[in-house]
Every structure is written in structure tokens, then in C-alpha cells.
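Fold and geometry: a report
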Amino acid sequence: MTTAHDGLLTIDLSAAGDNYLALSRRLGRGSRCGAVVKADAYGLGMSKLAPAFFRRGCRDFFVATLDEGLALRRLLGDDAAIFVLTGVRAGREQECVRAGLVPNVFTLQQLRAWMEVCDQAGIQAACGLKVDSGMTRLGMTADEFGRLLRDRGLLSAANISVIMSHLACADDPQHPQNRRQLDRFREAGERLRDELPELQLSLANSSGIYLGEEYHFDLARPGSALYGVNPRPGEENPMSAVVNLSLPVVQQRHVADECWVGYGATQRAEPGSWLAVARGGYADGIIRAQGNRGCGWACGQRLPMVGRVSMDSTTFDISGLAGPERAGLAHIEVLNDAVTVDEVAGYAGTIGYEVLTSLGHRYTRRYTGS
Ligand SMILES: *Cc1c(COP(=O)(O)O)cnc(C)c1O
């Protein structure tokens with residue numbers, strides 16, 4: 001039983017730490033496990049999660065933006081390598097150099113700009129090179145990469161410490177795109193390593209780790225699996241659940257006559273049924289598309305959502321509970337180790353990543369474990 005609260009989001013640092021260790025153990029020899037903590041550690045709190053991974057030996061962290069990187073540097077001190085995945089925009093390179101962050105570059109122009117700033121600062125600060133291996137998102141094109149390889153002067157002056165690329169279909173092991181991207185990335189990495197012997201290669205995200213050792217290279221970049229999202233959709237989840245979200249019940253009612261529940265009157269409640277209204281709606285990350293489809297959890301049972309999710313409240317059918325259970329019902333959980341982020345994502349027509357990063361800030365946040 002939880003004690004009274006107005007909405008409680010519990011984040012289990014030990015579970016996240018266990019997930020980090022489980023992913024590390026899956027990697028082949030010579031391959032290190034980093035941690036992606038972008039977007040405030042997928043909405044769960046970088047200031048708590050990043051140190052938990054650090055305590056378990058993680059020394060390679062990935063953020064999306066420079067500001068995230070600056071905050072992380074203050075948090076972890078100088079022993080962590082911090083990679084800025086989307087790079088640094090013109091004008092902010094010096095801040096990046098001073099904080100010892102490693103920004104990705106995607107174009108030759110960005111690489112030259114980075115080197116110029118480093119020259120002025122008198123340090124050959126490292127950068128990462130992100131290449132496109134088939135996702136057609138961020139990444140140096142094959143054409144520009146070819147020009148880089150032919151420009152020996154540029155290559156010898158640049159301090160490129162890592163080459164990375166991102167998989168588009170890693171959550172679908174059968175997808176032929178995985179092999180195509182692997183082959184292209186390996187070729188690019190090996191050609192660049194011929195010129196830069198210290199270069200490290202990094203390809204795998206969470207799901208990529210489960211595609212097999214060939215995908216691991218020197219440094220893996222898992223994010224979602226650290227936070228409990230299943231890296232192998234459709235198979236048993238090897239990760240531990242990290243979040244529990246419990247909403248307070250603010251009203252219960254017994255349905256006497258047939259009625260229609262919520263905005264749009266989209267769902268009928270049967271006479272004789274019992275409804276509970278919980279505080280917490282789409283403004284709190286209970287994604288609205290779950291309306292009429294999703295469920296909550298109390299007393300070991302799934303409780304169907306009834307009607308649309310409102311901004312601040314969600315209604316559940318609690319008819320399945322026994323009388324004394326109903327009488328004592330103070331909270332309904334909408335995320336836990338039974339109703340997982342992946343299950344909720346299914347109801348909402350989205351992915352676990354979005355369920356996590358949507359979690360609101362009107363809850364009390366409690367961290368357990370260490
Ligand atoms: C977000 C991100 C990751 C982590 O991906 P997950 O699927 O969450 O493990 C890895 N690499 C890059 C470039 C990313 O943007």
C-alpha cells in the first residue's frame with residue numbers, strides 16, 4: 001500500500017542500474033557500454049539517473065544538446081566522456097571546448113569550424129563524426145565522407161575520436177536494413193581507422209545490442225532499455241521496470257442508470273457498474289489516444305479506462321473489484337511492472353519512448369534504490 005499522495009511517480013534507480021549492468025554484460029569483449037541520458041534521461045531525471053550509471057562504471061554519456069552536456073559535466077565532473085549527439089551550433093563551440101564535451105559533426109564545414117575554434121583555444125579538442133549509413137537523418141553523406149578521406153591534411157589535423165551512426169530498424173531483427181547499415185558503417189569505420197588508428201566505432205542503440213556482437217563495436221549507446229523499454233518488441237522483456245505511476249482516486253460512483261462517460265460521450269457505462277475518477281490526465285502524460293482502450297491497475301487487476309482521457313483526470317471501470325477493495329481504493333496505477341511502458345504505448349499507438357518523455361511534472365517524484 002502506498003501512503004496518501006496527489007500523484008506519485010516512483011523511479012527505481014536500482015532497476016535502472018541493473019538494466020545498465022545487464023546491457024553491459026551482453027556486449028562482446030572489448031566493447032564498452034555507454035548511457036544515453038538525453039531529454040532529461042528520457043523524462044526520468046538526468047541528475048539522478050546519470051550518477052546511478054556512473055556508480056556502476058559507466059564513463060561514456062550521450063546527450064542531445066549542448067545545454068544538456070553542460071549540466072551533465074557539472075554533475076559528473078571530469079571523469080566522464082560526454083558526447084553531444086546533435087552537435088553544437090555555430091557560435092557556441094567555445095563553451096563546448098571549455099566544458100570538454102565531444103560534439104558530433106555531420107558536414108565538412110562543421111568540422112572545419114570546430115577545428116578553427118580549437119586552434120584559437122590552443123587545444124586539439126576531440127569531436128565525433130556522425131555518418132549516415134542508411135537512416136537519412138543526421139549524418140555525413142557518403143559523398144562528403146569520401147572527400148574527407150581524400151583530404152589527408154584535414155584528417156591529420158582533426159581530432160576525430162569516434163565515428164558513429166544510428167540504426168533505423170534495430171527493433172526488427174529481420175529487417176534487411178540492419179545488415180545494409182552494418183556493412184556500410186563497418187566499411188566507413190575501417191577506412192577512417194586506417195587513417196586514425198585511435199578511432200573508436202559506435203553503432204548500437206538498445207535494440208542494436210540485441211542484434212548480435214557484430215553490431216557492438218567499441219562503444220554501445222543504449223537509452224530506452226536503461227529505462228525499462230523492451231529492446232526486443234514481441235519477445236519477453238529482458239529489462240526491469242523502472243517507473244511506477246500512481247494516481248489518486250478523487251471520486252467513485254455507482255452507475256444507477258445507463259450513462260455516457262466523458263467528453264464526446266464516447267463510451268456507455270452499464271447500470272450497476274462502478275466508476276472511479278483519478279486525478280491525472282493528458283497534461284500529465286496520460287496520452288489521450290489511450291481513451292477507451294487503456295487501463296489502470298489496482299488490487300492485482302487491470303481496470304479498463306472508460307471514455308476519453310481529460311486534461312486533468314481519467315475515468316476507470318472498477319466494477320471488477322470486490323466491495324472492500326473498492327471501499328479502500330485510494331490510488332490507481334497507470335504504469336508499473338504489470339502495465340508496462342510498452343503496453344501503454346500499444347494503447348496509445350506510440351512507442352515507450354514517448355510514454356516516458358511525456359510524463360508530467362505535477363506528480364511528486366520519488367527516487368528509490370541507488
Ligand atoms: C537516442 C539515441 C540513442 C539511444 O537509442 P535507444 O533506442 O533509446 O537505445 C542512440 N544513438 C543516437 C544517435 C540517438 O539519437
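What counts, and where the lines are drawn
Residues numbered from 1 in each chain as written. Predicted model: local features only at pLDDT ≥ 70, side-chain atom pairs only at ≥ 80, totals over all residues. Heavy atoms only, no water. UniProt positions renumbered as here; feature names shortened; annotations may be inferred. Helix = DSSP H or I, 4+ residues; strand = E, 2+ residues; numbered from the N terminus. Expected span 1.5 Å × (residues − 1). Buried < 20%, exposed > 50% of the residue type's maximum accessible area, 1.4 Å probe, protein only. Contact = heavy atoms within 4.5 Å. Polar contact = N/O pair within 3.5 Å; in protein donor to acceptor, adjacent residues only side chain to side chain. Phe/Tyr/Trp six-rings, centres within 6.5 Å; stacked < 30°, edge-to-face > 60°. Lys NZ or Arg CZ within 6 Å of the ring centre and 35° of its normal.

The protein chain is annotated in an unreviewed UniProt entry as Alanine racemase from Microbulbifer yueqingensis. The protein chain has a UniProt comment under Function (unreviewed entry) that states "Catalyzes the interconversion of L-alanine and D-alanine. May also act on other amino acids."

Okay, helix 1 (residues 13-26) next. With 14 residues, helix 1 extends 20 Å from end C-alpha to end C-alpha; this agrees with the ideal 20 Å at 1.5 Å per step. Those residues of helix 1 that fall on the buried side of the exposure criterion are Leu13, Ala15, Ala16, Gly17, Asn19, Tyr20 and Leu23. Where helix 1 is buried, its residues contact strand 1 (8-12), strand 2 (32-33), helix 3 (46-55), helix 10 (206-209) and strand 19 (364-368). Its side-chain oxygen 3.0 Å from the backbone nitrogen of Ser14, Asp12 forms the N-cap of helix 1.

The next thing to look at is the packing of aromatic side chains. Counted according to the given criterion, the structure contains six aromatic pairs. Ring geometry for Tyr42 versus Tyr353: centroids 6.0 Å apart, planes at 35°, classification tilted. Linking Tyr42 in helix 2 (residues 38-42) with Tyr353 in helix 13 (residues 352-358), this pair joins segments that are 311 residues apart in sequence. Pairwise contacts between aromatic rings join Tyr20, Tyr42, Phe53, Tyr227 and Tyr353 into one cluster. Geometry around Tyr367 places Lys48 over its ring, the cationic atom sitting 5.2 Å from the centre. Positioned above the aromatic ring of Phe54 is the side chain of Arg59, whose terminal nitrogen or guanidinium carbon lies 3.6 Å from the ring centre.

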